[in-house]
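Residue-level structure breakdown
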Amino acid sequence: MGKSIGIRDVARHAGVSTATVSRALNNPDTVSAALRDKIRKVIEEIGYIPDASARALSSRRTRTIGAIVPTVDNAMFAQGLQALQSYLATQNYLLLLATNEYDLDVELEQARNLAERGIDGLILRGDRRHAVLRRMLDAHRIPFVNVGVYEPEKPYPSVGVDNAEAGRTLARYITGLGHRRIAIVAAQQRNNDRAAARLRGILEVLEANGCAPPDNWVLQVNYALDDARDASRALLMGDERPTAVICGNDVIAYGVMLSAIRMGVSVPEELSVAGFDDLEWSRHLQPSLTTIHIPTNEIWVRAGRYLVNALNDEPAVMHQKVDFSLVVRESTAPPSR
């Protein structure tokens with residue numbers, strides 16, 4: 001193999017010192033725009049790739065942010081990660097991604113792996129953690145932020161919506177239409193504090209209105225159309241069926257609507273259906289889906305900005321509440337007389 005291209009080659013081609021090239025790469029504001037442009041063109045021409053390990057040793061930074069999410073088989077996570085990566089790229093940071101499948105032991109191991117690779121900061125989904133994880137991050141002085149939740153009473157940074165209030169908002173709307181026979185098909189609660197908060201908010205409103213559902217009308221399913229369809233068939237085949245179903249997310253709502261339509265149950269004339277998240281498909285369905293809009297991109301970008309500011313010793317708001325909104329569409333209506 002031939003000799004690799006190094007910083008001395010860049011300096012020689014640009015007619016400057018290696019120190020100047022180093023400043024242009026690591027502290028671009030200390031070099032004039034014209035000189036930065038000249039060095040950038042030389043780098044492109046000769047194919048130089050900066051040595052990340054050497055840069056990390058000199059700056060004690062790898063300019064890498066880690067993120068751990070339950071799964072990438074979820075449109076909201078994928079959308080948020082794309083927005084996060086786009087933002088971090090503008091700040092010259094790289095995103096490293098890991099998944100934990102809602103398993104706290106797996107999350108701890110993935111966090112260790114990311115820390116070994118020298119991440120500067122870490123983004124975590126929700127606030128249910130292995131007890132060892134926070135101690136490890138604190139010991140290694142790795143800043144982190146919980147994304148998707150807003151919990152100002154806790155000592156850990158958070159960026160997200162008030163999930164319990166979002167659940168209450170949707171339940172108030174459904175009960176306000178006149179529904180009293182209301183079922184819930186929630187997302188799995190295991191190590192999922194967002195889903196648990198949504199369910200808690202929904203049940204609070206239903207109980208306050210004297211229409212708390214029986215136990216067999218409160219179901220939990222995975223993030224899968226088939227599971228949601230199976231759950232809704234169990235609800236709709238009973239002797240007494242609900243007039244409305246509140247779902248833990250839009251994918252679950254799609255499964256409920258598909259099952260209802262196949263069983264000859266008209267939506268919304270005989271069954272109102274509502275979800276959470278406001279995925280792209282929700283406004284294109286027939287009927288279109290009533291849902292809670294969660295500004296996913298904004299949440300993830302704010303989380304990334306929090307870490308970048310914290311790493312630069314710039315002011316960073318520890319708890320950031322992002323507003324949700326109720327989007328009323330065609331899948332909900334007053335109950336049939």
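One structure accompanies this document, and this report is about it. (Residues numbered from 1 in each chain as written. Predicted model: local features only at pLDDT ≥ 70, side-chain atom pairs only at ≥ 80, totals over all residues. Heavy atoms only, no water.)

**Some points on the nonpolar core**
- Ranked by internal contacts, the top residues of the largest apolar core, which has 70 residues, are Ile123 and Val273.
- When residues of this core are assigned to their parent elements, the largest contribution, eight residues, is made by helix 12 (residues 296-311).
- Apart from residues no more than four positions distant in its own chain, Val273 is found in contact with Val245, Cys247, Ala253, Val256, Met257, Val267, Leu289, Thr290, Ser331 and Thr332.
- In this structure, Ala98, Leu133, Ile142 and Phe144 belong to the second largest nonpolar core, which totals 13 residues. (Core = buried A, V, L, I, M, F, W, Y, C linked by side-chain atoms within 4.5 Å. Buried < 20%, exposed > 50% of the residue type's maximum accessible area, 1.4 Å probe, protein only. Helix = DSSP H or I, 4+ residues; strand = E, 2+ residues; numbered from the N terminus. Contact = heavy atoms within 4.5 Å.)

**Focus on the environment of Thr169**
- Within the secondary structure, Thr169 sits in helix 8 (residues 163-176).
- A sequence separation of 32 residues divides Thr169 from Gly201, and the C-alpha atoms of the two residues are 8.2 Å apart.
- Residues contacting Thr169, with those up to four places away along its chain left out, are Ile292, Phe324 and Leu326.

**Observations concerning the pattern of salt bridges**
- Scanning the entire structure with this criterion turns up 22 salt bridges.
- When the shortest N-O distance is used, the salt bridge between Lys154 and Glu151 registers 3.6 Å.
- Judged by its relative accessible area of 30%, Lys154 is partly exposed.
- Assessed through its relative accessible area of 14%, Glu151 is described here as buried.
- With a shortest N-O distance of 2.8 Å, Arg283 and Glu280 are connected by a salt bridge. (Salt bridge = Lys/Arg side-chain N within 4 Å of Asp/Glu carboxyl O.)

**A look at the pairing of strand 1 (residues 64-69)**
- A large share of strand 1 lies buried, amounting to six of its six residues.
- Pairing between strand 1 and strand 2 (residues 94-99): six bridges, direction parallel. When the sheet's bridge partners are listed, Val69 is paired in strand 2 with Thr99.
- One crossover worth recording links strand 1 to the parallel strand 2 by way of helix 5 (residues 75-90), and it is right-handed.
- Here strand 1 runs beside strand 3 (residues 121-125); their pairing, made up of four bridges, is parallel. Among the inter-strand pairings, Gly66 is bridged to a residue of strand 3, identified as Leu122. (Pairing = 2+ DSSP bridges. Right-handed = clockwise from strand over helix to strand, strands pointing away.)

**As for helix 12**
- With 16 residues, helix 12 should reach 22 Å at 1.5 Å per residue; the first-to-last C-alpha distance of 23 Å fits that figure.
- Buried residues along helix 12 sit in contact with strand 1, helix 5, strand 3, strand 4 (144-147), strand 5 (158-160) and strand 11 (319-321).
- Downstream of helix 12 by a residue or two, Asp313 has a phi angle that is positive, lying close to 60°. (Expected span 1.5 Å × (residues − 1).)

**Focus: helix 1 (residues 7-14)**
- When we look at burial in helix 1, the residues that qualify are Asp9, Val10, Ala11 and Ala14.
- Each element contacted by the buried residues of helix 1 is listed here: helix 2 (18-26) and helix 3 (33-46).
- Gly15 occupies a position one or two residues after helix 1 and carries a positive phi of about 70°.

**Quick word on the environment of Asp250**
- Mapped onto the elements of the fold, Asp250 is located in helix 11 (residues 250-262).
- Asp250 sits in the buried class, given a relative accessible area of 0%.
- Taking the C-alpha atoms as reference, Asp250 lies 34 Å from Ala115; in sequence the two are 135 residues apart.
- Apart from residues lying up to four places away in sequence, Asp250 is in contact with Gly275, Phe276, Asp277, Asp278, Leu279, Ser282, Leu289 and Thr291.

**Some thoughts on the packing of helix 6 (residues 104-116) against helix 7 (residues 131-139)**
- Their axes nearest at 9 Å, the elements helix 6 and helix 7 cross at an angle of 15°. By the angle between their directions, the pair helix 6 and helix 7 is classed as roughly parallel. Considering how the two elements wind past one another, helix 6 and helix 7 form a crossing that is left-handed. Contacts between helix 6 and helix 7 involve Glu107, Leu108, Ala111 and Arg112 from the first element and Val132, Leu133 and Met136 from the second. (Axes fitted to C-alpha atoms, helices over the stretch in contact; angles between N-to-C directions. Parallel < 35°, antiparallel > 145°, perpendicular 65-115°, else oblique. Left-handed = near helix turned anticlockwise from the far one by under 90°.)

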